[in-house]
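Each chain, letter by letter, is given below.
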Amino acid sequence: MEKKTPLNSWHRAERANMAIFGGYEMPLWYPTGARKEHLSVLTDAGIFDTSHMAVITVSGKEARHLLQFCFTKDLDRCIGKNKTPLVQGRSAYGAFLCEDGTVLDDAIVSQIVDDHYVVVVNAGMGEPITEHLQNHAQTRSSVSIIDLTDRLGKIDVQGPHAARLLEPHLADPQRVFERMPYFSFKGYFDDRSPLSDEVRLIDGTPILLSRTGYTGEFGFELFMDEAHLIHVWNRLLHAGRDAGLTPCGLAARDSLRTGAMLPLSHQDIGPWPFINHPWQHALPYDERGIVFTKKFLGDTALKHCANPAFVYPFAGFDLRKIAPGDLSIVTNAEGNEVGTVLTCVTDVAIDRYQETIFSIASPNAPEGFQPKGLSCGFIKVNTPLAYGSIIEIKNGRRILKAEIVQDIRPDRTARKPMVQMR
Amino acid sequence: MKEISDLILPDNVKYAEDHEWARSEGGAVTVGVNDYAQDQLGDIVYVELPAVGDTFKKGEEFGSIESVKAVSEMYMPIGGEITAVNEDLEDSPELINESPYENGWIIKVVPTDEHELNALMDKKAYIGMLKGSE
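Source: prediction; values computed, not measured.

J.: Can you break down the overall build of chain B residue by residue, with the values?
T.: The helix and strand tally for chain B stands at five helices and nine strands. When the elements of chain B are put in sequence order from the N terminus, they spell out β-β-β-α-β-β-β-β-β-α-α-β-α-α. Taken over the C-alpha trace, chain B has a radius of gyration of 14 Å; the compact-globule value for 134 residues is 14 Å, and the two agree within 12%. Dimensions of chain B, computed from the C-alpha atoms along their principal axes, are close to 35 × 35 × 20 Å. The buried share among the 134 residues of chain B stands at 42%. Considering only contacts within chain B whose residues lie at least 6 apart along the sequence, 62% involve residues at least 24 apart.

J.: If you had to explain the overall build of chain A to someone new, which residues and values would you point to?
T.: Along chain A, the regular secondary structure elements total nine helices and 22 strands. For 422 residues, the compact-globule estimate of 2.2 N^0.38 gives 22 Å, and chain A sits close to it at 21 Å. Along the first, second and third principal axes, the C-alpha atoms of chain A reach 60 × 55 × 45 Å. Considering chain A as a whole, with its 422 residues, one finds that 48% of them fall into the buried category. In chain A, of all internal contacts separated by at least 6 residues, the share reaching a separation of at least 24 is 70%.

J.: Which residues make up the sheet that holds strand β6 (residues 61-67) of chain B, and what are the values?
T.: All names here are of chain B. Strand order in the open sheet made by the three strands is β4-β6-β7, with antiparallel pairing throughout. Whereas interior strands pair on both sides, the edge strands pair on one side only; in this sheet they are β4 (44-48) and β7 (71-75). Averaged over all pairs of adjacent strands, the angle between strand axes in this sheet comes to 25°, irrespective of strand direction. Here β4 runs beside β6; their pairing, made up of four bridges, is antiparallel. Bridging across to β6, I44 finds its partner in S67.

J.: Tell me what's going on with the interface of chain A and chain B, and back it up with residues and numbers.
T.: Counting residues at the interface gives 19 residues for chain A, matched by 10 residues for chain B. Elements supplying a minimum of two residues to the side of chain A that touches chain B: β2 (17-21), β3 (24-29), α2 (34-43) and α8 (250-259) of chain A. Considering only residue class, the side of chain A that touches chain B consists of nine nonpolar, five polar and five charged.

J.: Describe the domain arrangement of chain A, listing the residues and the values that go with them.
T.: All names here are of chain A. Looking at chain A, the domain boundaries give domain 1 (1-303) and domain 2 (309-413). The interface of domain 1 with domain 2 comprises 22 residues on the first partner and 24 residues on the second. Among the elements of the structure, α2 and α8 are those that each provide at least two residues to the side of domain 1 that touches domain 2. The dominant element in the side of domain 1 that touches domain 2, judged by the number of residues it contributes, is α2, at five residues. Classifying every residue of the side of domain 1 that touches domain 2 gives nine nonpolar, nine polar and four charged.

J.: Explain the sheet that holds strand β14 (residues 245-247) of chain A to me, and be specific about the residues and the numbers.
T.: All names here are of chain A. Spatially, six strands are ordered β11-β12-β13-β10-β4-β14 in an open sheet, and the strand pairing comes out mixed. The sheet is open, and its two edges are formed by β11 (185-186) and β14, each paired on a single side. Across three bridges, strand β4 (residues 45-49) lies against β14 in parallel orientation. Bridging from a neighbouring strand, I47 pairs with P247 of β14.

J.: I'd like a rundown of the packing of α2(A) against α8(A), residues and numbers included.
T.: In a packed pair of helices, the relevant descriptors are the angle between the two axes and the axis-to-axis distance. Residue and element names in this part refer to chain A. Between α2 and α8, whose axes approach to 8 Å, the crossing angle comes to 50°. Comparing their axes, α8 and α2 come out oblique. Where α2 crosses over α8, the two elements pack in a sense that is right-handed. Contacts between α2 and α8 involve A34, E37, H38 and V41 on the former and, on the latter, A251, A252, S255 and L256.

Quick notes on the rules
Residues numbered from 1 in each chain as written. Chains lettered and ligands numbered in written order. Predicted model: local features only at pLDDT ≥ 70, side-chain atom pairs only at ≥ 80, totals over all residues. Helix = DSSP H or I, 4+ residues; strand = E, 2+ residues; numbered from the N terminus. Rg over C-alpha atoms; globule rule 2.2 N^0.38 Å. Buried ≥ 20, exposed ≤ 12 C-beta atoms within 10 Å, placed from the backbone. Contact = placed C-beta atoms within 7 Å. Pairing = 2+ DSSP bridges. Axes fitted to C-alpha atoms, helices over the stretch in contact; angles between N-to-C directions. Nonpolar A, V, L, I, M, F, W, Y, C, P; charged D, E, K, R; others polar. Domains from an automatic or database assignment. Parallel < 35°, antiparallel > 145°, perpendicular 65-115°, else oblique. Left-handed = near helix turned anticlockwise from the far one by under 90°.

Set out below in structure tokens:
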């Protein structure tokens, strides 16, 4: 029996097309349609129910040491250009590996205070990751790992107008938005924490507000006690809908994240060694990108794996896509079959003009630019491929030409300074 | 997602199991995908059409329809020769979402065997099939 988020009846009343994802019945799209939902996140803002994601707290004297050992990102070298340590109020992206270097799940780790961290993992992964961390804790008495699955609700507000749409609901927006860079957060979802006074809605609801998301665009994730979810959702939408705030389902989330080159756990990263992929920043490489700056679970396997696969992003030449998966085939320029397609979606906000990919948000887009969309995604191959090289992706009768690219949707807003977005 | 009771299912077309519809218009039979199919597929972004003059047997794949979600094959509800394709779908595939039985028609077919059209489901039988698969 699939699980439901507290907003399930709302999605159904809005006549969303529903599907099972990660064990939860979630909206794929609303009657607006996934195309307009995707575009709304580039032009205005979208609102997503992401309560299927799981949250774990890790606290105690051993907390940081345990995360340093189990998480691929080096928490002592991860913030900004100078690679300073993770501190209170900041977040880092990485993965949890098995000893053989394969991926259990990816995650965002946030430092709430010293010795207290919040770990956000994917739907259904709260329990297995909690167990994994417990198994690797040296002394259970010095670390407490709590799985908050289904006890928190999460709403993502993503798009260039996200701050403007959120502002009227915050008790003290000036204080909240001041000094809030990408991958930082403020507040806490539990009233008992002194941090909960950092971010409250005007009705007093305490939230953890983070400048993160899964769309590649400017925006926030709002973590709160599950009891507040419906109320906050309705409040945001009631005030924001006429101003362009669009409810978005998982289809738009999938196409937005792919265009932003973000991996989907258990699809683009999974049971193969976590190396040779576009997410090198999730690994603790030194400046030269050669050696690891820390010891962590799975490191030996990554350093010594024989014939590891390579994962690359690709962009097609029109909007057509193929079904990804084991039946798909990737052929290199010499005509050899070299792998399979992990993800293939259409980013409807982009298109090619002459040699270049533009987005509807590109300031330098050609006049009258009206994208039809481009297929894009990730491939997993057994041989290195050069950026710019042309491949064929195939499934069944359909064969498409695609290019290995370093980036997919240009001019994304996720990292823009807050002052430009208010 | 539409409830079965909300689906637009005209009385003057016949229904195939794969959610295509067929409507006799003089000598030719017009074929498209029905309201249930377009609702399930979501925003349609591309339609791959056969060439005029192609012939197919009943049940053969004649093209594909691509939504934001997936690529789906379309199957001939009846056998016959393609005499026309809806060229408007090239620039406006969303016509299938907006008007699945009129502006969003897909092909016209001269049937090989008239009986194949009669053998397709009527609205009542089709609704029965949908309810059975719920």
